[in-house]
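Single-letter residue listing:
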Amino acid sequence: AVAAPAMPAVLAASWALLAAAFLAALMLLRPAQQPGRIVSGLFQDLIRYGKTKDGCGQRPAWLSHLQVPKRWFTHFYVVSVLWNGFLLIWLFQAKFLGGSLPSWIQHLHHALGGGSQSKDLLFFHLQADGECFSALLVLLLLWLHSCRRLGECLWTSVFSNGVIHVVQYGFGLAYYIAIGSTLLCQVPTDIKNGEELSVQICWYHIVGVMMYIWASLHQHRCLVILADLRKSKSGKVVSLSHRVPFGDWFERVSCPHYFAELLIYISMAVTLGFCSMTWWCVVMYVLFNQALAAALCHEFYQKSFSSYPRHRKALIPFVF
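Note that the structure is a prediction, hence the values are computed from the model and not measured.

This part takes up unusual backbone geometry. The phi dihedral of Phe274 falls on the positive side, at around 75°, and the residue is not glycine. Tracing the sequence through the fold places Phe274 in the loop between helix H8 (256-271) and helix H9 (277-304). A positive phi angle is found at Phe318, which is not glycine, with a value near 70°. When you line up the elements, Phe318 lands in the segment after H9.

And the structure:
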């Protein structure tokens, strides 16, 4: 029998810690809004962005100098397309064309817990080729997701004059580097370069990709709905104000594009065969991160529009 290899403790613990931090922020959201809280202004400034910034209340004036335009979200996807595209090309060359990963990537791989001595629980009962193909497929999905989001930021979304904290901006840039590096560590390093890689397409690859496409289509539709609220019938931007969106998943939740983001990451976990504990920690992070953002948006809609549909939840239909 083949024993299950140890989970990469560094990566799993890091993503679990991030998930716990956002869960704590979500739980502290309501108490922090109570008057008299010394840290309330700083806390609110760090978790809010865009239209939800108005809920920060009183905060030190110097914090206003630590803001950057929300439209700089576009930079996140530029970084992701470049970095994860770079990893995708190198991994493809190493496993299909007999190339090799740069030494610095191999060092990063081992430092983060990858390699034959500390593989994840991902497919420990299967051959290393299957592990590599699954990780390569998910890295491709992540890159395609970043390409689509970059295109939407450039040509679909209509950004207001909202801002984000410089810490949020830096965190977002680092996130898309970390997520690709995490996927790279799902690949065992004991596969010899130059050997023919057998491509084993399994049922979970098909289910995961279908779920990914379904969630991506809905996310795009919801982003188009939001953009159209600020455009005329001819497609010209006529307003930067906020209005109540309707249609598609907006009929059930305030932030369906966040819900779709969560489903996209779950679809990647399915594509990895359900067994990557590190990636499920990533999914938990995405869940609490999106839940916090959705709760703040939901609060904004309820306070700004007296006739806002009462049956809508913030993120997950019928649940939250």
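Relative to the elements of secondary structure, Arg312 occurs in the segment after H9. Although Arg312 lies buried, it forms no salt bridge, and the closest oppositely charged side chain, Glu251, sits 4.6 Å away as judged by the N-O distance. Here the side chain of Arg312 touches Tyr308 through a polar contact of 3.4 Å, side chain to side chain. Here Arg312 is in contact with Val244, Pro245, Phe246, Phe250, Glu251, Arg252, Val253, Ser254 and His298, once residues within four sequence places are set aside.

With that settled, consider the UniProt feature "transmembrane region" (unreviewed entry) in the protein chain. This chain's UniProt record puts "transmembrane region" (unreviewed entry) on residues 6-29, 72-92, 122-142, 154-177, 197-215 and 262-288. Between the C-alpha atoms that bound residues 154-177 there is a distance of 21 Å. The span itself is 58% helix and 12% strand.

The contact between helix H6 (residues 166-184) and H9 brings their axes to 11 Å, and the two run at 155°. Taken as axis vectors, H6 and H9 run roughly antiparallel relative to one another. Between H6 and H9 lies a crossing of left-handed hand. When H6 is examined against H9, the residues Phe171, Tyr175, Ile179, Thr182 and Leu183 are found in contact with a partner set consisting of Thr278, Trp279, Val282, Tyr285 and Val286. The residue inventory of the contact of H6 with H9, partitioned by class, reads eight nonpolar, two polar and no charged.

Counting 76 residues, the largest nonpolar core has Trp15, Tyr175, Ile179, Tyr258, Tyr265, Met268 and Trp279 as its most contacted members. Counting only elements with at least two residues in this core, the list comes to helix H1 (9-32), helix H2 (40-47), helix H3 (73-96), helix H5 (128-155), H6, helix H7 (203-228), H8 and H9. With 14 residues, the single largest contributor to this core is H9. Sequence-distant contacts of Ile179, defined by excluding residues within four places in its chain, comprise Trp15, Asn84, Leu142, Tyr265, Trp279 and Val282. Listed in part, the five residues of the second largest apolar core include Val244, Tyr301, Phe305 and Tyr308.

Evaluated as defined, the whole model comprises six salt bridges. For Glu152, the salt bridge is made with Arg148, and the minimal N-O distance between the two is 2.8 Å. With Glu152 and Arg148 both in helix H5 and four residues apart, the pair spans about one turn of that helix. Notably, a salt bridge pairs Glu152 with Arg149, separated by 2.9 Å at the nearest N-O pair. With a gap of three residues between them, Glu152 and Arg149 both fall in helix H5, about one helical turn apart. Owing to a relative accessible area of 2%, Glu152 belongs among the buried residues under this scheme. Linked by salt bridges that have partners in common, Arg48, Glu299 and Lys303 make up one network.

Counted according to the given criterion, the structure contains 22 aromatic pairs. With 6.1 Å between their ring centres and 15° between their planes, Tyr265 and Trp279 make a pair best called stacked. Within this pair, whereas Tyr265 is found in helix H8, its partner Trp279 is found in helix H9, the two being separated by 14 residues in sequence. By the burial criterion, Tyr265 is buried, and Trp279 matches it. For the ring pair Tyr301 and Tyr308, a centre distance of 5.3 Å and an interplane angle of 0° mean the geometry is stacked. For the pair formed by Tyr301 and Tyr308, the shared burial category is buried.

Here the focus is the environment of Tyr212. Positionally, Tyr212 belongs in helix H7. With relative accessibility at 7%, the residue Tyr212 sits in the buried group. When near neighbours in sequence (up to four residues on either side) are disregarded, Tyr212 contacts Leu141, Leu144, His145, Ile264, Ser267 and Met268.

Before going further, it helps to spend a moment on H3. In a regular helix each residue adds 1.5 Å, so 24 residues correspond to 34 Å; H3 covers 34 Å between its end C-alpha atoms and thus fits that length. Once H3 ends, the next one or two residues include Gly98, with phi positive near 75°.

This part takes up the confidence of the model for the protein chain. In this model, the protein chain carries a mean pLDDT of 85, and residues with pLDDT of at least 70 account for 81%. Here helix H4 (residues 103-111) stands out as the least confident element of the protein chain, with mean pLDDT 72; H8 is the most confident, with 98. The low-confidence segment residues 1-7 (pLDDT under 50) makes 15 contacts with residues lying over four places distant or belonging to another chain. Predicted confidence for residues 116-127 stays below pLDDT 50, and this span has 43 contacts to residues more than four positions away or in other chains.

Calculation notes
- Residues numbered from 1 in each chain as written.
- Predicted model: local features only at pLDDT ≥ 70, side-chain atom pairs only at ≥ 80, totals over all residues.
- Heavy atoms only, no water.
- Helix = DSSP H or I, 4+ residues; strand = E, 2+ residues; numbered from the N terminus.
- Buried < 20%, exposed > 50% of the residue type's maximum accessible area, 1.4 Å probe, protein only.
- Lys, Arg positive; Asp, Glu negative; His and termini not counted.
- Salt bridge = Lys/Arg side-chain N within 4 Å of Asp/Glu carboxyl O.
- Polar contact = N/O pair within 3.5 Å; in protein donor to acceptor, adjacent residues only side chain to side chain.
- Contact = heavy atoms within 4.5 Å.
- UniProt positions renumbered as here; feature names shortened; annotations may be inferred.
- Axes fitted to C-alpha atoms, helices over the stretch in contact; angles between N-to-C directions.
- Parallel < 35°, antiparallel > 145°, perpendicular 65-115°, else oblique.
- Left-handed = near helix turned anticlockwise from the far one by under 90°.
- Nonpolar A, V, L, I, M, F, W, Y, C, P; charged D, E, K, R; others polar.
- Core = buried A, V, L, I, M, F, W, Y, C linked by side-chain atoms within 4.5 Å.
- Phe/Tyr/Trp six-rings, centres within 6.5 Å; stacked < 30°, edge-to-face > 60°.
- Expected span 1.5 Å × (residues − 1).
- pLDDT = per-residue confidence, 0-100.

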